[in-house]
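Here is how the chains run, residue by residue.
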Amino acid sequence: MSASPPPQWLSIEVVARTYGVEVEWILRVQSLGVLRRAEADAGRLRIAVSELDRLAQLIRWYRLGVDLELAVALLADDPRADDPLADD
């Protein structure tokens, strides 16, 4: 059995530009525990590509007027959230 390849990562700045949100907003999301695979690298936050679908869903709900904390709770109830096959 071969080991899975390491995850691919994007800087928080690239993610913010891609989704049209502020870096500070993503940092707030991170502080709420939404991004399970984010880490600091040389003092800068980077996010695993596998987290982008979760972040995109959160942004969609937020732009529709859903309270951020409620959107976070909805993501936490997502049965796919703990799917081991959903990783990279």
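Residues numbered from 1 in each chain as written. Predicted model: local features only at pLDDT ≥ 70, side-chain atom pairs only at ≥ 80, totals over all residues. Heavy atoms only, no water.

(A) Here's a closer look at the packing of aromatic side chains. Throughout the structure, instances matching the rule amount to one aromatic pair. Taken together, a centroid distance of 5.2 Å and an interplanar angle of 50° make the contact between tryptophan 25 and tyrosine 62 tilted. You can see tryptophan 25 sitting in helix 2 (residues 23-31) and its partner tyrosine 62 sitting in helix 3 (residues 52-63), a full 37 residues away along the chain. For tryptophan 25, a relative accessible area of 11% corresponds to the buried category. Classification of tyrosine 62 as partly exposed rests on a relative accessible area of 36%. (Phe/Tyr/Trp six-rings, centres within 6.5 Å; stacked < 30°, edge-to-face > 60°. Helix = DSSP H or I, 4+ residues; strand = E, 2+ residues; numbered from the N terminus. Buried < 20%, exposed > 50% of the residue type's maximum accessible area, 1.4 Å probe, protein only.)

(B) The nonpolar core, seen in detail. Within the largest apolar cluster, 19 residues are counted, with the highest numbers of intra-cluster contacts made by Trp25, Ile26, Val29, Val34, Leu35, Leu55 and Leu58. Elements supplying a minimum of two residues to this core: helix 1 (12-19), helix 2, strand 3 (44-48), helix 3 and helix 4 (68-76). In contact with valine 29, not counting residues within four places along its chain, are Val34, Leu35, Leu55, Leu58 and Leu68. (Core = buried A, V, L, I, M, F, W, Y, C linked by side-chain atoms within 4.5 Å. Contact = heavy atoms within 4.5 Å.)

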